[in-house]
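# An overview of the molecular structure
Here are the chains, one letter per residue:
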Amino acid sequence: FVHHATDENSRGDYTYINVSSINGDANAIVLVAPSADRGNAGDATYDHNIGVWYEGANEKKWAIFNQDRAAIPAGRTFEVIIPPASETFVHYAKLDNTVGNSTYLDNPLTNGEPDAVLTVTQNWNPGGGRGVYNDHPIDVLYEADIRKWAICNRGGAPMPDGAAFNIAVSRVPNP
């Protein structure tokens with residue numbers, strides 16, 4: 001679905017997503033991307049690295065936020081996906097799975113699956129706890145020699161310890 005940021009649902013650098021299926025669920029897997037929707041005045045680009053976070057103290061809702069803490073303007077739209085739980089997991093960058101700007105996934109949905117299609121959103125605080133900022137654009141790549149996928153910071157910035165990512169995995173249909 002498309003989420004529209006408004007003055008009512010936004011607070012500075014974040015905008016609350018109000019969806020009954022994930023309200024109150026700190027462990028939901030929420031994926032987001034800036035939308036090229038007409039509501040953005042034809043602007044298909046968005047010059048901020050975004051992520052999601054769960055606000056469990058008062059609102060009990062997920063929010064889309066700008067990693068650089070810049071305000072989200074009213075009228076901005078975002079594509080939001082809540083995939084089936086069987087196709088998702090959360091990955092944490094840790095010292096034992098991170099090298100430089102890359103963190104390597106170790107999950108049955110992705111290991112040895114070069115044709116998998118990964119959709120990734122940075123998650124500031126999985127489960128609603130404390131979070132880690134990673135204000136960098138990311139990519140995913142498959143390293144055939146080790147049969148694993150990696151999430152990489154574009155531009156080579158080191159991956160911070162504790163950065164977290166919501167991941168959905170789908171398969172390309174066989175012809």
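Everything below is about the structure printed above this text.
First, a word on scope: everything that follows refers to the structure included in this document. (Residues numbered from 1 in each chain as written. Predicted model: local features only at pLDDT ≥ 70, side-chain atom pairs only at ≥ 80, totals over all residues. Heavy atoms only, no water.)

## A few points about the overall build of the chain
Under the convention used in this document: Every helix listed is a DSSP run of H or I at least four residues long, and every strand listed is a run of E at least two residues long, numbered separately from the N terminus. The reference for a compact globule is 2.2 Å times residues^0.38; the radius of gyration itself is calculated from the C-alpha atoms. Here, two residues are considered to be in contact whenever any of their heavy atoms come within 4.5 Å of each other. Accessible surface area values rest on a Shrake-Rupley calculation with a 1.4 Å probe, where residue burial reflects the displayed protein chains alone.
A count of helical and extended segments in the chain gives 0 helices and 14 strands. In the chain, the succession of helices and strands from N to C terminus is β-β-β-β-β-β-β-β-β-β-β-β-β-β. Relative to a compact globule of 175 residues, whose C-alpha radius of gyration would be 16 Å, the chain shows 16 Å and is just as compact. Along the three orthogonal principal directions, the C-alpha set of the chain runs to about 50 × 40 × 30 Å. Intrachain contacts of the chain at a sequence separation of at least 6 include 69% that bridge at least 24 residues. Approximately 8900 Å² of the chain is accessible, and the part contributed by carbon and sulfur atoms is 50%.

## Thoughts on the side chain of D13
Rules: Only protein chains enter the calculation, and the probe is 1.4 Å; a residue is then buried if its accessible area is under 20% of its type maximum, exposed if over 50%, and partly exposed in between. His is not counted, nor are the chain ends; Lys and Arg add positive charge and Asp and Glu add negative charge. Each salt bridge in this description consists of a side-chain nitrogen of Lys or Arg and a carboxyl oxygen of Asp or Glu lying within 4 Å of one another.
Relative to the helices and strands, D13 is located in the loop between β2 (10-11) and β3 (14-17). Here D13 sits buried without a salt bridge, and the closest side chain of opposite charge, R69, lies 5.2 Å off (N-O distance). Among all residues touching D13, those that are not within four sequence positions of it are I64, F65, N66, R69, A70, A71 and I72.

## Comments concerning the sheet that holds strand β7 (residues 77-81)
We count it as follows: For two strands to count as paired, DSSP must find a minimum of two bridges between them. In this analysis, axes come from line fits to C-alpha atoms, helices being fitted only over the stretch in contact, and the angle between any two N-to-C directions falls in the range 0 to 180 degrees.
In spatial order, the strands read β1-β7-β4; together these 3 strands make up an open sheet with antiparallel pairing. Every other strand in the sheet has two partners, leaving β1 (2-4) and β4 (31-34) as the edge strands with one partner each. Between one strand axis and the next, the sheet turns by 35 degrees as a mean value, whatever way the strands run. Taken together, the 4 bridges between β4 and β7 define a ladder with antiparallel strand orientation. Its bridge partner lying in β7, P34 is registered against F78.

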